[in-house]
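Each chain is listed here by its residues.
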Amino acid sequence: MLTSRCLKGVVTGYPLGIVAKEIKIQESEFNKDFITRLIPKLDWNVFWSTAKQIGYEGSLTQQIIADYENNENFLKDVHHALVEVDIFEGELICPETNRKFPITDGIPNMLIKDNEL
Amino acid sequence: MLILSNNVATTTFDEMYDKSKWNINLLRELNVYEPSEDTFLLLDALESDLENIIASKPRMVLEIGCGSGVVITAIASVVKDCHYIAVDINPNACNVMKNTAEMNKTHVDIVNADLLKSFRLNSAIDMIIFNPPYVETEDEETLVAGISQSWAGGAKGRKILDELLPVLNSALSLTGTFYLVAISYNDIEDLEKCMHDYGFNCSVLKIRQILGELLFVLKFSKERVIGR
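On a predicted model such as this, the values are computed, not experimentally measured, just so you know.

Colleague: What exactly am I supposed to notice about the overall build of chain B here?
Modeller: The helix and strand tally for chain B stands at 7 helices and 7 strands. At 17 Å, chain B has a C-alpha radius of gyration in line with the 17 Å of a compact globule built from 228 residues. The 228 residues of chain B split such that 54% are buried. Taking the contacts inside chain B whose residues are at least 6 apart along the sequence as the reference set, 67% of them involve residues at least 24 apart. With the model as given, the accessible surface of chain B reaches about 10,100 Å², and the carbon-plus-sulfur share is 50%.

Quick look at the structure:
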């Protein structure tokens, strides 16, 4: 959901690349109904490729499977990658300029300087 | 005290008034805007609208300018099964937000960013909350990094808010809502007219007189297309 589009000269700035230096797993209760309702809100391809870049794609596939609402293992892997995996230290990378946005304490810093506008 | 039938609520918003729910020392050390009258008015307004919020089953809720984080944490404590995102331009506020969410055992994704400029939301958000910097100041003052960004609103206190308004419609889902704190000199009538032009209807949830000014909490909903 994050983009570097606001950088000068960047046309799309999406999706951002990701590098995880430290990952924390925060266990959270699996709610099948909630995850099923959340999936249509995701840009699936980007979600999958982000999970893959940090090694947490599990059973997830580049194309979303047709009957995911009935596939509990699949939904559990979505839950894990989406809710439980927390990138504590790392960076997001603009696909056009390679400008890096640091993630510190789990918080991405997307602020840009005046001369980057 | 609000009793919720569907969700098992263990917290009401009243508890967020309790100073044990956020770390006042950290807040002061990092010089982040302390929950104040406007924060509490927003909490009251959201609580008064809580039945509607729950009935709408929001999947993604986003707060802009979360500051200490008490507002989004209050909702996240009560409305479960929803993904929460908090945005603040001040990195210190993001750190306090994280602490407040953790103290109250809620999960909120936090992003240090300027309004929605780094987001690509494609109508994914069901509810956006904004207690903007609404105080009338010189325009230059809005650019000074730090705590003043929590209140410095430029001309008519509208400079920052007016940057956000054009992107709200594309950020919000069809049934999406926008909750906003505003003060009388922001020109409420004009605000309603602007939002109408961007496709929103307005209702007033709360009005309270604070230090000689009228403070409002407004709720904007997308206009329904006739025939749907």
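Now that the structure has been shown, the text picks up again.
Colleague: I would appreciate a short explanation of the environment of leucine 143 of chain B in the present structure.
Modeller: Residues and elements named next belong to chain B. Summarising the element assignment, leucine 143 is placed in the loop between β4 (125–130) and α6 (159–171). Under the relative-accessibility criterion, leucine 143 is labelled exposed at 65%. Note: C-alpha distance between leucine 143 and glycine 154 (11 residues apart in sequence) is 9.5 Å.

Colleague: Quick question: what am I supposed to make of the sheet that holds strand β4 (residues 107–108) of chain A here?
Modeller: Either a parallel or an antiparallel arrangement is found when strands of a sheet pair, and the pairing is made through backbone hydrogen bonds. All names here are of chain A. Taken together, the 4 strands give an open sheet; going across it, the order is β1-β2-β3-β4, and neighbouring strands pair in antiparallel fashion. Of all strands in the sheet, those bounded by a partner on one side alone are β1 (17–25) and β4. Examined bridge by bridge, strand β3 (residues 100–104) and β4 share 2 bridges and lie antiparallel to one another. Bridge pairing links isoleucine 103 to proline 108 in β4. Across the face of the sheet, helix α3 (residues 72–84) comes into contact with β1 and β2 (85–93) while running at roughly 70° to β2.

Colleague: So what exactly am I meant to see when it comes to the interface of chain A and chain B here?
Modeller: How big an interface is tends to be expressed through the accessible area that disappears when the partners come together. With 23 residues of chain A at the interface, the matching set in chain B holds 28 residues. Taken together, both faces of the contact between chain A and chain B bury some 2,300 Å²; the carbon and sulfur share is 59%. Across the pair aspartate 43 of chain A and arginine 120 of chain B runs a salt bridge, and its minimum N-O distance is 4.0 Å. Across the contact surface, chain A and chain B share 8 residue pairs in polar contact (both at pLDDT 80 or more). The element contributing the most residues to the side of chain A that touches chain B is helix α1 (residues 32–38) of chain A, with 3 residues.

Colleague: Mind showing me how you'd approach the pairing of strand β5 (residues 172–183) of chain B here?
Modeller: Each regular strand displays side chains that alternate between the two surfaces of the sheet. Residue and element names in this part refer to chain B. Of all 12 residues making up β5, 10 are buried, and the element is well covered by its neighbours. Looking at chain direction, β4 and β5 are connected through 5 bridges and run parallel. Its bridge partner lying in β5, methionine 127 is registered against threonine 177. Note on the crossover from β4 through α6 to β5: the handedness is right-handed. Taken together, the 7 bridges between β5 and strand β7 (residues 213–222) define a ladder with antiparallel strand orientation. By the bridge assignment, valine 181 is partnered in β7 with valine 217.

Colleague: What's the story with the pairing of β3 of chain A in this structure? I'm lost.
Modeller: Residue and element names in this part refer to chain A. Along β3, the buried face is formed by Phe101 and Ile103; none of Lys100, Pro102 and Thr104, which line the opposite face, is buried. Across 4 bridges, the pairing between β2 and β3 is antiparallel. The residue bridging glutamate 91 from the neighbouring strand is proline 102, located in β3. Linking β2 back to β3 in an antiparallel pair, the connection comprises 6 residues, with asparagine 98 at a positive phi of about 65°. The turn joining β3 and β4, which pair antiparallel and follow one another in sequence, is formed by 2 residues; a positive phi near 55° is taken by aspartate 105.

Colleague: Explanation requested: the packing of aromatic side chains in the structure shown.
Modeller: We describe a pair of aromatic rings using the distance from one ring centre to the other and the angle between the two ring planes. Per the stated rule, a full pass over the model turns up 3 aromatic pairs over all chains. An aromatic cluster is present here, built from Trp44, Phe47 and Phe74 of chain A joined pairwise through their rings. Against the face of phenylalanine 101 of chain A rests arginine 99 of chain A, its NZ or CZ located 4.6 Å from the ring centre. The positively charged end of arginine 120 of chain B is found above the aromatic ring belonging to tyrosine 14 of chain A, 3.8 Å away from the centroid.

Colleague: Help me understand the UniProt feature "domain: Methyltransferase small" (unreviewed entry) in chain B, please; the structure alone is not making it clear to me.
Modeller: This chain's UniProt record puts "domain: Methyltransferase small" (unreviewed entry) on residues 42–144 of chain B. This span, residues 42–144 of chain B, is 34% helix and 20% strand, and a straight line between its end C-alpha atoms measures 25 Å.

Conventions we followed
- Residues numbered from 1 in each chain as written.
- Chains lettered and ligands numbered in written order.
- Predicted model: local features only at pLDDT ≥ 70, side-chain atom pairs only at ≥ 80, totals over all residues.
- Heavy atoms only, no water.
- Helix = DSSP H or I, 4+ residues; strand = E, 2+ residues; numbered from the N terminus.
- Rg over C-alpha atoms; globule rule 2.2 N^0.38 Å.
- Buried < 20%, exposed > 50% of the residue type's maximum accessible area, 1.4 Å probe, protein only.
- Contact = heavy atoms within 4.5 Å.
- Areas by Shrake-Rupley, 256 points an atom, 1.4 Å probe, with all protein chains shown as cover.
- Pairing = 2+ DSSP bridges.
- Axes fitted to C-alpha atoms, helices over the stretch in contact; angles between N-to-C directions.
- Buried area = accessible area lost by both parts, 1.4 Å probe.
- Salt bridge = Lys/Arg side-chain N within 4 Å of Asp/Glu carboxyl O.
- Polar contact = N/O pair within 3.5 Å; in protein donor to acceptor, adjacent residues only side chain to side chain.
- Right-handed = clockwise from strand over helix to strand, strands pointing away.
- Phe/Tyr/Trp six-rings, centres within 6.5 Å; stacked < 30°, edge-to-face > 60°.
- Lys NZ or Arg CZ within 6 Å of the ring centre and 35° of its normal.
- UniProt positions renumbered as here; feature names shortened; annotations may be inferred.

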